[in-house]
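Chain by chain, the residues run as shown.
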Amino acid sequence: INNFLYYFESNLWSKLMGFEYWIELVNKVVNIITGPAVIFSVWFLVAQIRTQIKVGKAASRQSIAEAHQEVTLAGLDPLLMKAKMKLIKKQDLEIEEEVALRIHMTAILRARENHYYQHKMGMLDDEEWKTMRKALGTLFIDNKLNLDIWNKSKSTFNPDFASIVDEEIEIRKDTFKK
């Protein structure tokens, strides 16, 4: 019996305290923990990406609003206001007025091209882009100067954006005869 107890105790002790036993136990515990940890990590990353996309879109929208405000405020320059009034009244422009309007219109077109890029990158949703696209087309209603500016400068713009502007002009071509 003593031999049996000795054998049983030593065998039990070696099983409980054997290196292989603990390695196997740790391995099983790690395997149990790893699955949920991976799932949680993936979920966390997805949540972070969604948040960053929202932040990026908000920043993009804010940038667009600021750019629009800058262009609008620049349009209140006394020289530009005087030139716009002459256009409305169908009066001839002085050279300084025409140059100022050409520069201002080019700045507006570049800002709209930037909005197009932001839309293509997914930072501006389809509805916002549709609204901006319509607004882009209104720049040419009954305004031969803006049409001339576009025709002379469109080769310097992204070809896809240029096609969009041309489509918007085509939609409104009947307004140029006034």
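### Comments concerning the overall build of the protein chain
A tally of helices and strands in the protein chain yields seven helices and zero strands. What you see in the protein chain, going N to C, is helices and strands ordered as α-α-α-α-α-α-α. Classification of the 178 residues of the protein chain by burial places 27% in the buried group. Across the protein chain, every contact between residues at least 6 apart in sequence was considered, and the portion connecting residues at least 24 apart equals 62%.

### Re the packing of aromatic side chains
Evaluation of the coordinates by the stated rule reveals eight aromatic pairs. Residues Phe40 and Phe44 carry aromatic rings whose centres are separated by 6.4 Å and whose planes lie at 25 degrees to one another, so their mutual orientation is stacked. On the criterion of helical spacing, the pair formed by Phe40 and Phe44 is a turn pair, its members being four residues apart in helix H2 (residues 19-74). Measuring from ring centre to ring centre gives 5.8 Å for Tyr116 and Trp129, while their planes differ by 55 degrees; the resulting arrangement is tilted. Of the two residues, Tyr116 sits in helix H4 (residues 95-120) while Trp129 sits in helix H5 (residues 126-138), which places them 13 residues apart along the sequence. Taken as a pair, Tyr116 and Trp129 share a single burial class, namely buried. Its end group placed over the ring of Phe157, Arg110 keeps NZ or CZ at 3.7 Å from the ring centre.

### Digging into the side chain of Glu113
With respect to the helices and strands, Glu113 occurs in helix H4. A distance of 2.9 Å separates a polar atom in the side chain of Glu113 from a polar atom in the side chain of Arg110. Aside from chain neighbours lying at most four places away, what touches Glu113 is Phe157, Asn158 and Phe161.

### Concerning the packing of helix H3 (residues 78-88) against H4
Interhelical geometry of H3 versus H4 gives an angle of 100 degrees and a closest axis separation of 9 Å. Relative to H4, the element H3 is oriented roughly perpendicular. Facing Leu79, Leu80, Lys82, Ala83, Lys84, Lys86 and Leu87 of H3, the residues of H4 in contact are Glu96, Glu97, Ala100, Leu101 and His104. A per-class count over the contact of H3 with H4 returns six nonpolar, one polar and five charged.

Criteria and cut-off values
Sequence order sets the numbering: in each chain, residues are counted from 1 along the sequence as written. Local features are withheld for residues below a pLDDT of 70 in this predicted model, meaning they are given only at 70 or higher, and side-chain atom pairs are given and counted only at 80 or more; totals for whole chains, interfaces and linings count all residues. Where side-chain values are given, they derive from all heavy atoms of the structure, hydrogens and water being excluded. Secondary structure elements are defined from DSSP: runs of H or I of at least 4 residues count as helices, runs of E of at least 2 residues count as strands, and each element is numbered from the N terminus. Burial here depends on accessible area, computed with a 1.4 Å probe over protein chains only, as a share of the maximum for the residue type. Under 20% is buried, over 50% is exposed, and the range in between is partly exposed. Residues are treated as being in contact if the distance between any of their heavy atoms lies within 4.5 Å. Two rings belonging to Phe, Tyr or Trp (six-membered ring only in the last case) form a pair when the distance between their centres is within 6.5 Å. Interplanar angles under 30 degrees mark stacking, angles over 60 mark edge-to-face geometry, and anything in between is tilted. We call a charge positioned above a ring when the Lys NZ or Arg CZ atom is no farther than 6 Å from the ring centre and deviates by at most 35 degrees from the ring normal. Polar contact criterion, stated in full: a pair of N or O atoms within 3.5 Å, where within protein one must be able to donate a hydrogen and the other to accept it, and residues adjacent in sequence count only if both atoms are side-chain atoms. Helix axes use the C-alpha atoms of the stretch in contact, all axes being lines fitted to C-alpha atoms, and the angles between their N-to-C directions lie in the range 0 to 180 degrees. Working definition: roughly parallel below 35 degrees, roughly antiparallel above 145 degrees, roughly perpendicular at 65 to 115 degrees, and oblique for all remaining angles. Note that Gly is not counted as nonpolar here; it falls among the polar residues with everything else outside the nonpolar set of Ala, Val, Leu, Ile, Met, Phe, Trp, Tyr, Cys and Pro and the charged set of Asp, Glu, Lys and Arg.

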